[in-house]
Amino acid sequence: VQETDTNYRKEHIFYDNDGNTTMSLTVNYEGANISRLNYYNSHDLIDSAIVMTEYSEGQKVKEQIYNEDYELEYTLTSEYVDGIRKSIKVFDTEGNQIKEIKG
């Protein structure tokens, strides 16, 4: 689905014999960047998730990961130095940092 000149959405939907959705994968793009990814699995709902991504000047700066109930689970942020990602920080739903990965 073309939404604007540079934004589009790709959907892959799988149905059972009764026409019910069993699985779906939807990817939203803003230009070349993936801004949202939805995965749904009716057979194993706990595997379902949504990932929303924010970019600044072409660099991924924030991701929010939601569970199968559409509740925020984690927020990840990235820090860059001269265009190279130097760290990723993981936060819980209250905004408390629970992990930092340095590279």
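Residues numbered from 1 in each chain as written. Predicted model: local features only at pLDDT ≥ 70, side-chain atom pairs only at ≥ 80, totals over all residues. Heavy atoms only, no water.

A.B. asks: It is not clear to me how the pairing of strand β5 (residues 59-66) should be interpreted in this structure. Could you clarify?
C.D. replies: Walk down a regular strand and you will see the side chains alternate between the two sheet faces. Pairing between strand β4 (residues 49-56) and β5: seven bridges, direction antiparallel. Following the sheet pairing, T53 is matched in β5 by E63. Here β4 folds back onto β5, and the loop between the two strands holds two residues, one of which, E57, carries a positive phi near 50 degrees. Relative to strand β6 (residues 72-81), β5 is paired through five bridges, and the arrangement is antiparallel. Residue pairing for β6: K62 is matched across the bridge by T77. (Pairing = 2+ DSSP bridges. Helix = DSSP H or I, 4+ residues; strand = E, 2+ residues; numbered from the N terminus.)

A.B. asks: When you look at the sheet that holds strand β8 (residues 97-102) in this model, what are you seeing that I'm missing?
C.D. replies: In sheet architecture, strand pairing relies on hydrogen bonds along the backbone and comes in two forms, parallel and antiparallel. Strand order across the open sheet formed by eight strands is β1-β2-β3-β4-β5-β6-β7-β8, with antiparallel pairing between neighbours. Since the sheet does not close on itself, it has two edges, and those belong to β1 (7-15) and β8, each with one partner. Sheet twist, expressed as the mean angle between neighbouring strand axes with direction ignored, is 15 degrees. By the bridge criterion, nine bridges tie β1 to strand β2 (residues 21-30) in an arrangement that is antiparallel. Note that in β2 the partner of N7 across the bridge is E30. (Axes fitted to C-alpha atoms, helices over the stretch in contact; angles between N-to-C directions.)

On their own, these measurements won't tell you what the molecule is for.
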